[in-house]
Amino acid sequence: MGATLPGIPDERLADNASAIVRYDWSLGELHTLTVRGDWRGQLQDATRISSNAVPSTGGELHTLGGGIMATLTSHVHGLINEARVYQSSDRQSTEPYLRAPDGRVTMAGILADGTQSVTNLQFGGNPSLPQETHARLLEASDEVSYVSNGGAHRVKLGGLINADRSTVGSIPNRYGTFSYNSLADFEANRPSQFTRTISGRDRLAGSNSAALYLGDAWRQSPRFQMVYGLRLEGTRFPTDPQFNPEVETLFGRRTDHSPSELHASPRLGFTYSMGAPGNAPALNAGNSPAASTGTPGTPAPAAEARAQGGGGQGGGGGFNASAWTFRGGVGEFRGKISSNLVATANDATGLLGGQSTLSCIGAAVPVPDWTAYLSDVSSIPTQCLDVAGGIPGVPLSGQRRNVTTFENGFSAPKVWRTSFGGSRRFFQRYNFSLDGSLAYGVHQTGAHDLNLDATPKFTLASEGGRPVFSAPTSIIPTTGATSITASRLHSEFGSVSELTSQLRSLSSQVTVSTGGVTLQGITLNGSYTFLRSRDQQNGYSAGGGGGFGGASTSGNPTVVQWGTSDLERRHSLLGTITFPASAWLDITAIGRYTAGQRYTPIVSGDVNGDGSRNDRAFIFNPGVTADSGVANGIARVIANAPSRTAECLRSQLGIVAGRNSCSAPWTPSLDIQLNLKPDAFGLARRLAIQLQLQNTLVGIDQLLHGDNLRGWGQPVFADRTLLYVRGFDPATQAFKYQVNEHFGTPSGANSAFRVPFQIGLQGRLTVGQDPARQQIGRMFGTGADGKPLSKEEWKTRLARVVPNPFQRTMQLDDSLKLALTVDQKARLNVLSEAIAVKADRIAEELADVLTSAGVAPDPSVIGARMQGKTQEARKVAEQSVADLQATLTAGQWSKLPDSVKTVPPDRGLGGFGGGDGGGGAGRGGFGGGGRPPG
């Protein structure tokens with residue numbers, strides 16, 4: 001038919017390139033200017049090709065973009081101010097190999113195992129191509145923070161504004177789709193249906209947004225911290241759609257407005273620790289759902305915690321090993337009104353020149369001339385054939401104008417989130433945590449069709465009374481095809497979609513995790529997550545327009561129903577292990593085992609006649625179904641399908657399938673990463689090489705089995721189509737079906753959407769002063785000659801690793817008028833000598849580790865090796881505080897300063913290797929290096 005091309009690549013190859021340039025300029029002691037530029041580009045061959053399509057249905061993807069950002073950080077009068085401006089531009093174009101209509105052929109065949117498979121094969125052009133998008137963004141923000149005296153409060157006030165604009169040169173189904181009901185019809189060039197979306201202009205999208213936020217991290221005590229704030233944000237759109245008075249007259253809706261909103265979102269989080277107080281709460285508070293009062297996705301309190309002395313990665317927290325830390329919070333999080341929805345409304349106003357739909361069935365379908373279409377796309381039909389007598393109830397004038405509008409009060413989606421969890425350490429080096437969360441979504445985006453005649457014309461008695469909104473006389477008996485025009489209140493219009501924000505969602509999640517560091521420095525972590533997610537949907541897509549997209553429906557598409565969310569993965573296991581093979585090499589493996597995707601048994605065809613091909617399948621009971629072909633087909637599916645698929649069907653016999661009532665098999669995955677930090681040749685770890693092996697199971701599958709893949713590590717996409725419409729019986733008013741006995745069969749090994757095995761190599765060479773290396777130098781220290789400290793020098797520096805509160809108490813006896821008794825002094829002397837022996841032993845063992853670290857130690861490796869001893873040091877220190885309190889009277893204890901009664905956070909006992917921020921001022925040689933508060 002001339003609908004293919006030679007020279008199409010047989011592999012989907014992609015070339016990616018990116019670059020980042022950054023310049024830091026210190027403008028004196030108070031100001032720092034950072035300028036960063038980024039560039040990215042991609043070329044991809046053979047994109048948009050499905051597993052059941054000929055290669056010529058794809059195209060070539062070209063992406064080019066970049067941006068520039070300037071950040072000015074200032075410290076003035078105890079305030080920290082960060083101002084930022086960012087501008088970017090991205091262009092993406094996808095050119096099809098063929099500019100022609102899409103062709104789809106429903107074909108049945110007998111598989112090797114004797115089962116019957118029915119599927120749609122695709123040829124011709126791609127209904128999603130061509131596509132060209134140009135997006136531009138300009139954003140400016142400013143944030144000022146203030147730390148009170150003593151660090152009890154850190155207040156943040158910030159604001160941002162942004163403007164985004166995009167031009168989308170993409171019209172779904174631009175050149176139309178011819179559907180053939182069988183291979184014989186295809187050979188005879190006799191399509192059963194032709195649909196096409198017609199629009200004469202590109203879609204223009206854009207929005208203007210602004211936000212103002214105020215938050216405070218309040219450290220009420222070493223045990224308790226709160227994070228709270230308020231975020232005010234709003235969105236407006238620069239252009240409104242054109243007014244169509246006809247739509248207002250017929251449907252009572254105006255087309256000339258776009259939504260705008262101003263909304264305030266509160267957030268509150270807390271952390272409370274039981275046990276001897278320390279510095280961990282500040283870090284943990286940042287993990288609460290209400291932690292961020294600034295830009296979404298940036299949990300501000302985590303940075304605050306590190307600045308206030310929070311332990312870093314590998315740290316033991318700020319409480320004794322038997323302490324519990326509880327955290328929680330509640331807050332509202334606002335999404336964003338999609339500018340693409342407004343762009344759709346600008347295009348689909350129902351006016352001449354706007355978007356319209358062409359739907360032809362039966363004898364009204366134009367006879368395809370593929371040779372002519374390939375030569376001149378303007379020859380593709382824009383009207384149905386004018387058949388004598390026509391089809392009852394189906395006007396033959398051709399195009400139907402589409403309309404998309406917004407309901408009054410349309411708003412952005414929002415989610416109320418709350419969480420509560422607890423964690424504790426055990427055996428000094430290990431931790432356990434249990435966290436639960438609940439998210440209630442409101443104002444979720446939905447749609448409904450104002451032009452649907454919601455009064456059923458008849459019902460399908462054999463399918464539990466499923467309503468049909470097209471008259472029996474408008475359905476083609478030989479193919480079962482229906483036209484959207486048969487269910488319209490006003491036939492001059494197609495879909496009149498009103499976008500709404502009335503839907504809800506509810507998700508609950510529980511995560512159990514444990515991990516720690518062995519004596520050999522091996523880091524182990526594992527977690528299990530249970531997720532239950534439900535949401536409301538009806539039978540319309542949020543983008544409107546009907547067609548092939550949108551949520552599924554059991555009958556009446558206007559009915560809103562609760563069901564399992566498309567995004568639910570009910571169970572998930574995650575495990576990581578990091579092995580420090582040497583001082584210059586560590587290896588990390590990340591393994592996941594995730595429950596399969598939920599899916600819905602569907603019908604290939606528009607059964608309820610509402611104009612959308614999104615009907616759920618009726619699960620015919622083989623024991624009572626009159627159609628022997630359907631009965632035998634369903635029986636064979638249940639007998640031969642995987643157990644989870646068979647049970648899904650068996651539990652729904654005699655009813656329409658529930659949304660996402662079936663699930664695909666679990667999916668494993670494995671990633672491996674090698675980090676090399678050589679110290680030889682004078683590199684002093686300035687060169688960092690990272691080797692990434694992504695989707696390692698896929699690579700092992702290819703290595704062992706070649707082209708005969710087993711599907712290891714591949715996500716499983718089950719065949720979701722259970723029934724194919726093959727005709728309609730006007731006498732019994734029932735559709736004729738053919739069962740796809742391949743339904744539910746996993747296709748991880750054969751899917752066109754395979755996850756590739758990837759090898760990535762990254763290198764970074766630091767030239768000049770490196771802030772990270774400067775921090776390491778402050779953490780580990782050097783001798784007077786600039787060389788690493790000796791063991792004895794390390795022991796001297798580590799002498800304070802375990803504080804001696806007994807000696808300090810005796811020194812304060814006179815000044816604080818403690819009036820220590822002779823027995824108390826004797827007891828304090830004994831305790832002081834005992835803790836001095838323990839402190840000396842711990843300091844010597846730590847000094848041994850640090851002395852062997854070399855000239856340029858890796859803090860993560862050394863930190864892992866030292867963690868057991870630092871935890872022991874903290875435990876000894878906390879026990880000494882408890883012994884001191886037991887020795888003194890209540891009156892004497894009350895006179896002691898907090899620096900004696902508590903383990904100070906600036907000892908760094910639980911914060912070794914804290915990263916940026918570290919712990920306190922770095923006294924004792926651990927966890928320091930961070931900028932002190934203020």
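Preceding this section is the structure that the text describes.
Computed from a prediction, not measured in an experiment: that's the story for all the values here.

On to the overall build of the chain. Each helix and strand in the chain was counted, giving 17 helices and 33 strands. For the chain, the residues scored as buried account for 49% of the 934 residues in total. Considering only residue pairs separated by 6 or more positions, the chain has 73% of its internal contacts joining residues 24 or more positions apart. Looking at the chain as shown, the accessible area adds up to about 41,700 Å², and 56% of this sits on carbon and sulfur atoms.

If you look at the biggest cluster of nonpolar residues, it comprises 31 residues, and the most contacted ones within it are Leu722, Leu723, Phe735 and Tyr737. For this core, the secondary-structure elements that each account for two or more residues are strand 19 (458-460), helix 7 (628-640), helix 8 (643-650), strand 31 (721-729) and strand 32 (734-739). Not counting the four nearest positions on each side in its chain, phenylalanine 735 is found in contact with Leu460, Ile475, Gly480, Asp606, Val607, Val725, Gly727 and Phe728. Counting 29 residues, the second-largest nonpolar core is a separate cluster that includes Val802, Leu812, Val876 and Val900.

Another point: the pairing of strand 15 (residues 356-361). Counting buried positions over the six residues of strand 15 gives six, a clear majority of the element. The alternating pattern of strand 15 places Ser356, Leu358 and Cys360 and Thr357, Ser359 and Ile361 on opposite faces, both of which are buried. Pairing of strand 10 (residues 193-198) with strand 15 involves six bridges; the strand directions are antiparallel. Looking at strand 15, one finds that threonine 197 is bridged to threonine 357. With three bridges connecting them, strand 15 and strand 16 (residues 399-406) associate as antiparallel partners.

Within helix 9 (residues 696-705), the full set of buried residues consists of Thr696, Val698, Gly699, Asp701 and His705. Looking at the buried side of helix 9, the elements it contacts are strand 29 (667-676) and strand 30 (687-694). Just past helix 9, the residue glycine 706 takes up positive phi, approximately 60°.

Take the pattern of salt bridges next. Taken as a whole and assessed by the stated rule, the structure comprises 30 salt bridges. The salt bridge involving glutamate 82 is made with arginine 84; its shortest N-O contact spans 3.2 Å. The shortest N-O distance in the salt bridge between arginine 231 and glutamate 233 comes to 3.3 Å. We note that arginine 231, like glutamate 233, is buried. Within the structure, one salt-bridge network assembled from shared partners comprises Arg231, Glu233, Glu261, Arg334 and Lys414.

With that settled, consider the sheet that holds strand 27 (residues 602-604). Where strands meet in a sheet, backbone hydrogen bonds hold them as pairs that are either parallel or antiparallel. An order of 27-31-32 is seen for the three strands of this open sheet, with the pairing classed as mixed. Here the strands that pair on one side only, and so sit at the sheet edges, are strand 27 and strand 32. For this sheet the average axis-to-axis angle between neighbouring strands, irrespective of direction, equals 45°. Where strand 31 meets strand 32, six bridges bridge the pair, whose relative direction is antiparallel. Along strand 32, the bridge assignment pairs glycine 727 with lysine 736.

The next thing to look at is the packing of aromatic side chains. Counting across every chain of the model gives 21 aromatic pairs. Each ring, one from phenylalanine 326 and one from phenylalanine 420, has its centre 6.1 Å from the other, and the planes form 10°; the classification is stacked. With phenylalanine 326 in strand 14 (residues 324-334) and phenylalanine 420 in strand 17 (residues 414-426), this pair connects stretches of sequence that are 94 residues apart. A relative accessible area of 22% means that phenylalanine 326 is categorised as partly exposed. Between the aromatic rings of tryptophan 370 and tyrosine 373, the centroid separation amounts to 6.1 Å while the plane-to-plane angle is 70°, which identifies the pairing as edge-to-face. Here tryptophan 370 and its partner tyrosine 373 are both found in helix 6 (residues 370-375), three residues apart, which amounts to about one turn of the helix. Exposure remark for tryptophan 370: the relative accessible area of 3% places this residue in the buried category. On the accessibility criterion, tyrosine 373 (3% relative accessible area) is buried. Every member of this aromatic cluster is reached through a ring pair, and the members are Phe123, Phe178, Tyr180, Phe186, Phe194, Trp370 and Tyr373.

Rules and cut-offs
- Residues numbered from 1 in each chain as written.
- Predicted model: local features only at pLDDT ≥ 70, side-chain atom pairs only at ≥ 80, totals over all residues.
- Heavy atoms only, no water.
- Helix = DSSP H or I, 4+ residues; strand = E, 2+ residues; numbered from the N terminus.
- Buried < 20%, exposed > 50% of the residue type's maximum accessible area, 1.4 Å probe, protein only.
- Contact = heavy atoms within 4.5 Å.
- Areas by Shrake-Rupley, 256 points an atom, 1.4 Å probe, with all protein chains shown as cover.
- Core = buried A, V, L, I, M, F, W, Y, C linked by side-chain atoms within 4.5 Å.
- Pairing = 2+ DSSP bridges.
- Salt bridge = Lys/Arg side-chain N within 4 Å of Asp/Glu carboxyl O.
- Axes fitted to C-alpha atoms, helices over the stretch in contact; angles between N-to-C directions.
- Phe/Tyr/Trp six-rings, centres within 6.5 Å; stacked < 30°, edge-to-face > 60°.

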